[in-house]
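A look at the structure
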Amino acid sequence: CIIKDDVGWLWRKFMESDGYILGAPVWSLSPCGVVTDFRDRLFGPKMDAAGWELGGGVPEYAKEWGLKYRPGALISVGGALSRHWTSLGMATLFTTTFSAQTNVIDTMDVYQVADMGEALMRTDYLDKAKYLGQNLAHAVMNPQKDWEKVYIGDDGGKNACPGCHQNLMIANPGRDYVECAICGRKGFISLDAE
């Protein structure tokens, strides 16, 4: 690469990892730009397992590690008073996971913490962070389980998508279903008049 920065080192650290937590602050609806820079420079097509299969297998630069699905957890942190002002935080963090062969097993959506260090004053967020870390450690320590199909976080039934546990849905006129904008899962809808 013509750009000389820490990407090579970060890429090796990621490839050596058994699992990871990715967290980022949300400034205005979505995370700061370094997240998309991180995603585009570190992952993207060069980490895409489907692309590797179409291209004849694991490329030379990744043969030392090969294809490895790993569990991950995501934390989105925003200062907005309501969740909808941080709505693209988690969605953007999810975009880093697909080509990077990550199976997200837990997420944490933090909001109403505008001041630096304010999240540390909230016992509900600290408890959730501890739980998220325990879930990730459990997934790392039990690699025999098919984590692609398991989400062990607790969203309290607040999220619409059973796949990625997010609420960002695409609804088009004339269709009787919605699609998750993140993972593409379809869900049929019906309206009941009472």
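Residues numbered from 1 in each chain as written. Predicted model: local features only at pLDDT ≥ 70, side-chain atom pairs only at ≥ 80, totals over all residues. Heavy atoms only, no water.

Time to look at the sheet that holds strand β3 (residues 70-78). Judged by pairing direction, the sheet is mixed, and its four strands sit side by side in the order β2-β1-β3-β4 without closing on themselves. Among the strands making up the open sheet, the edge pair consists of β2 (30-31) and β4 (102-110). Alignment of strand β1 (residues 20-28) against β3, held across seven bridges, turns out to be parallel. If you follow Leu22 over to β3, its bridge partner there is Leu74. The sheet strands contacting helix α4 (residues 87-95) are β1, β2, β3 and β4, and the helix crosses β3 at an angle near 155 degrees. (Pairing = 2+ DSSP bridges. Helix = DSSP H or I, 4+ residues; strand = E, 2+ residues; numbered from the N terminus. Contact = heavy atoms within 4.5 Å. Axes fitted to C-alpha atoms, helices over the stretch in contact; angles between N-to-C directions.)

Right, let's get into the nonpolar core. The biggest cluster of nonpolar side chains holds 25 residues, and the ones touching the most others in it are Phe14, Leu74, Leu93 and Phe94. Listing elements by their share of this core, those giving two or more residues are α1 (7-16), β1, α2 (33-42) and α4. The residues contacting Phe94, other than those within four sequence positions of it, are Leu74, Val104, Thr107, Cys164, Gln166 and Ile182. Counting seven residues, the second largest nonpolar core, distinct from the first, contains Ala73, Met108, Tyr125 and Leu132. (Core = buried A, V, L, I, M, F, W, Y, C linked by side-chain atoms within 4.5 Å. Buried < 20%, exposed > 50% of the residue type's maximum accessible area, 1.4 Å probe, protein only.)

Turning our eyes to something else, we now look at the pairing of β1. Pairing between β1 and β2: two bridges, direction antiparallel. Residue pairing for β2: Val26 is matched across the bridge by Pro31. Counting the residues between successive antiparallel strands, the hairpin from β1 to β2 contains one residue, one of them, Leu29, with a positive phi of roughly 70 degrees.

Here we take up unusual backbone geometry. The phi torsion at Leu29 lies on the positive side, around 70 degrees, for a residue other than glycine. Its place among the elements puts Leu29 in the loop between β1 and β2. One non-glycine residue, Gln112, lies in the positive phi region at around 65 degrees. Among the structural elements, Gln112 can be located in the loop between β4 and α5 (123-141). Judged by its relative accessible area of 35%, Gln112 is partly exposed.

With that settled, the discussion passes to a nonpolar patch on the surface. On the surface, Leu120, Met121 and Leu126 cluster together into a nonpolar patch covering about 350 Å² of accessible area. When its relative accessible area of 37% is taken as the criterion, Leu126 is described as partly exposed. (Patch = residues over 30% accessible without salt bridge, like charges linked within 9 Å, V, L, I, M, F, W, Y side chains within 5 Å. Areas by Shrake-Rupley, 256 points an atom, 1.4 Å probe, with all protein chains shown as cover. Salt bridge = Lys/Arg side-chain N within 4 Å of Asp/Glu carboxyl O.)

As a further point, take the confidence of the model for the protein. Of all residues in the protein, 96% have pLDDT values of 70 or greater, and the mean over the chain is 84. Confidence scores differ between elements of the protein, with helix α3 (residues 49-54) showing the lowest mean pLDDT of 77 and α5 the highest of 93. (pLDDT = per-residue confidence, 0-100.)

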